[in-house]
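Below, each chain spelled out in residue letters.
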Number of protein chains: 2
Amino acid sequence: MGITIRKIAKDLKLAVSTVSKALRDSHEISDETKRLVFEHARKLQYVPNPYAGSLKNRTTRNIAIVLPEVADTFFSNAINGIDSVAQAKGYHVMVYLTHESREREESILEELRSGRVDGILISVSVGVKRDSAVHARLAQDLPLIFFDRVCDEVATAKVLTDDFEASYKATTHLISKGCREIIFLDTAAGLSITDQRRSGFLKALADHGIKNGDRHVVQCSEDENESLDTIQKVLRRKNKVDGVIGSVEKLAIQTYTACHACGLSIPRDVKVLAFSNLQIAALLAPPLTTVVQPAFEMGKAAATLLFKALARKVDLRTERIVLPSVLHERESTQ
Amino acid sequence: MGITIRKIAKDLKLAVSTVSKALRDSHEISDETKRLVFEHARKLQYVPNPYAGSLKNRTTRNIAIVLPEVADTFFSNAINGIDSVAQAKGYHVMVYLTHESREREESILEELRSGRVDGILISVSVGVKRDSAVHARLAQDLPLIFFDRVCDEVATAKVLTDDFEASYKATTHLISKGCREIIFLDTAAGLSITDQRRSGFLKALADHGIKNGDRHVVQCSEDENESLDTIQKVLRRKNKVDGVIGSVEKLAIQTYTACHACGLSIPRDVKVLAFSNLQIAALLAPPLTTVVQPAFEMGKAAATLLFKALARKVDLRTERIVLPSVLHERESTQ
DNA sequence: GTGAAAGCGCTAACAT
DNA sequence: ATGTTAGCGCTTTCAC
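Residues numbered from 1 in each chain as written. Chains lettered and ligands numbered in written order. Predicted model: local features only at pLDDT ≥ 70, side-chain atom pairs only at ≥ 80, totals over all residues. Heavy atoms only, no water.

Some words on the UniProt feature "domain: HTH lacI-type" (unreviewed entry) in chain A
- What UniProt calls "domain: HTH lacI-type" (unreviewed entry) maps, in this numbering, to residues 3–57 of chain A.
- Regarding residues 3–57 of chain A, the helix share stands at 69% and the strand share at 0%, and the terminal C-alpha atoms are separated by 22 Å. (UniProt positions renumbered as here; feature names shortened; annotations may be inferred. Helix = DSSP H or I, 4+ residues; strand = E, 2+ residues; numbered from the N terminus.)

Now the structure itself:
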């Protein structure tokens, strides 16, 4: 049993409400009483129970981040961005990992309708549909903000990067380096971000007179071994691949592994480029050309939006923030 | 206003208590009533408010992880391990980042005495003392478990790796490769893990007849630029350094950067080895020899211990789990 | 088998 | 300026 407001009241022979008001520095309470209360509270090391008051005013000062995984530099940096504003606002952060399971994501969201948190920031898992009913319903109950991986058709705030343009630019970069047989490594299920990236890729191919773009898109499994296998097969095929774009960080790493395994030299035999926030991209063999998303800033923007919503200062249904990503050219595409 | 138990009771013309019992599948309630209640609850999509009941039984089903940062493979993997058991137990995970600030860590812990969480898993920040009073007091109020970076003198559970032995082995490995002028890159403040690692390092030097071990220990700043600067100065000094041990992941990356900048070839001029969980160590130029900690398993072990403590099945004051780390030899020390 | 009532810690409307 | 009271959503005696 921790120290409660009631204990302080009893010790000081005051009413609970008086103590409550004193602690909240209400103007109705005399300075002398406040002083006494504060002092005693400090002496007893009183810490208010956050969930008691929360029952009344329906606010927990907790927010949730729902995401596929933490062992990914984009997500861990986004968490940092979110945390930076949450800490500043005195909010607490709950983290939920879906491990790319739609079912798990849905049951987590279902649970979150309970009032455990005041709002939610989410980057959806593979397999979640653009018009997911679960997400839409949640957005009715609580402030919900998508970042990076979104459900386009759910009417709530989204924080994104310019995936289409960045991918178009990246593809153009490869073409300018002489690549013609470029492969776009896609994720298995339709992720909003990879959809955009694929579109940008296809558009760039078309604009540069490369036909049959679809032939250049390769679906990779969520399973690491399968995916690695797929990539190796592609690299070994007759129509010699001379460029690879990894649509997500994991695929970049697998491409490197696959090239090593196939005895292909990067960038001589094949140029490689990936969407990735790996800080050590520059230390890889060879240094990897990356499209870097402003992960920290995206987290920060998403959290800022959430707090605005909690303060009823914004209508989330119409919010949409697009931040630019940056192409870092390195040896892997030289 | 979400759906409450009261609403269900009113709709069904039952008492709140009856509904409450029915939902908890109490034997005092008739099957028929239970059926009605469950059905109606499902129809209204009732989700119980977790903090209402929590007020009574003083349990939130929330646990906290307090750690220096997420953008570190050790920590993100540890989070995965913790999350895996928390999800299985139906618990929720709150994440607190200290960013290596003792003050921040202390104020977070202070806040956590409020009852926001049922227990805490922590890896302490740089600068926290072995006998930190704040940590000791918290351990009185709540189940507290240290993992990796601990306060030795605070009497509560600890989950560790065999840092001394692993470092001894790693140092011996470098010596066996012909290194004599080996540098141990230490963190600025006394971290339990780097203390152990340094001791193992010094013991190995002594055992192999290398005198004045202390001369081989270099303190690195928390500031990245300063630290990089220090490393470069060391690499350039007259007594040619032929081996480097990074005591934490960040220092390994900085060593690579520094070697590039100084035009030193790894492993020809200098062999490098680091305590690191980087998955892509094998893809670096050259592949980095690492001492890998079982991060996931440590998180899992720590969380498992916490849940045992919550079930009053263990006395945390005497618990101490030591898991082995593994030396992965790669080209950087060949 | 069902219901009434008290209470968890705190806030807020309403006395005094 | 301080106190009384009711109530947030739920659980848990204790009656009926």
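Thoughts on the protein's contact with DNA strand C
- Close to DNA strand C lie 27 residues, the nearest being Ile5(A), Ser20(A), Tyr46(A), Lys21(B) and Arg58(B).
- Each atom of DNA strand C within 4 Å of the protein was assigned to sugar, phosphate or base; sugar and phosphate come to 60%.
- Separating a base nitrogen of DNA strand C from a backbone N or O atom of Ala52(A) is a distance of 2.8 Å.
- One nitrogen or oxygen atom from the main chain of Ser30(B) is found 3.0 Å from a phosphate oxygen belonging to DNA strand C.
- Among the elements of the structure, α1 (5–12), α2 (16–23) and α4 (50–57) of chain A together with α2 (16–23) and α4 (50–57) of chain B are those that each provide at least two residues to the surface near DNA strand C.
- Classifying every residue of the surface near DNA strand C by side-chain character gives eight nonpolar, 10 polar and nine charged. (Near = heavy atom within 4 Å. Polar contact = N/O pair within 3.5 Å; in protein donor to acceptor, adjacent residues only side chain to side chain. Nonpolar A, V, L, I, M, F, W, Y, C, P; charged D, E, K, R; others polar.)

So, the relation of the copies chain B and chain A
- The transformation that overlays chain B on chain A combines an axial shift of 0.0 Å with a rotation of 180°, and the residual RMSD is 0.1 Å. Such a combination of turn and shift is consistent with a two-fold rotation axis. (Least-squares fit on C-alpha atoms with pLDDT ≥ 70 in both.)

Considering the packing of helix α10 (residues 224–236) of chain A against helix α11 (residues 249–262) of chain A
Residues and elements named next belong to chain A.
- As a packed pair, α10 and α11 sit with axes 9 Å apart at the nearest point and diverge in direction by 55°. Between α10 and α11, the angle falls in the class oblique. When the axes of α10 and α11 are compared, the crossing they make is right-handed. Contacts between α10 and α11 involve Glu224, Ser227, Leu228, Ile231, Gln232, Leu235 and Arg236 from the first element and Leu251, Gln254, Thr255, Thr257, Ala258, Cys259, Ala261 and Cys262 from the second.
- Its residues assigned to classes, the contact of α10 with α11 comprises eight nonpolar, five polar and two charged. (Axes fitted to C-alpha atoms, helices over the stretch in contact; angles between N-to-C directions. Parallel < 35°, antiparallel > 145°, perpendicular 65-115°, else oblique. Left-handed = near helix turned anticlockwise from the far one by under 90°. Contact = heavy atoms within 4.5 Å.)

As for the nonpolar core
- Counting residues in hydrophobic clusters, the biggest one holds 62 residues, and the most contacted among them are Phe147(A) and Phe147(B).
- Setting aside residues no more than four positions away along its own chain, Phe147(A) makes contact with Ile65(A), Leu67(A), Phe74(A), Phe75(A), Ala78(A), Ile82(A), Leu121(A), Ile122(A), Ser123(A), Val159(A) and Ala302(A).
- Grouped together as the second largest cluster of nonpolar side chains are 53 residues, Leu228(A), Ala258(A), Tyr256(B) and Cys259(B) included. (Core = buried A, V, L, I, M, F, W, Y, C linked by side-chain atoms within 4.5 Å. Buried < 20%, exposed > 50% of the residue type's maximum accessible area, 1.4 Å probe, protein only.)

Re the interface of chain B and chain A
- Contacts between the two partners involve 48 residues from chain B, matched on the other side by 48 residues from chain A.
- Overall, the association of chain B and chain A removes approximately 4300 Å² of surface from exposure, summing both partners, and the carbon and sulfur fraction of that is 60%.
- Where chain B meets chain A, there are 24 residue pairs in polar contact (both at pLDDT 80 or more).
- Going through the elements one at a time, α4, α5 (73–89), β2 (92–97), α6 (102–112) and α11 (249–262) of chain B are the ones with two or more residues in the side of chain B that touches chain A.
- Its residues assigned to classes, the side of chain B that touches chain A comprises 23 nonpolar, 16 polar and nine charged. (Buried area = accessible area lost by both parts, 1.4 Å probe.)

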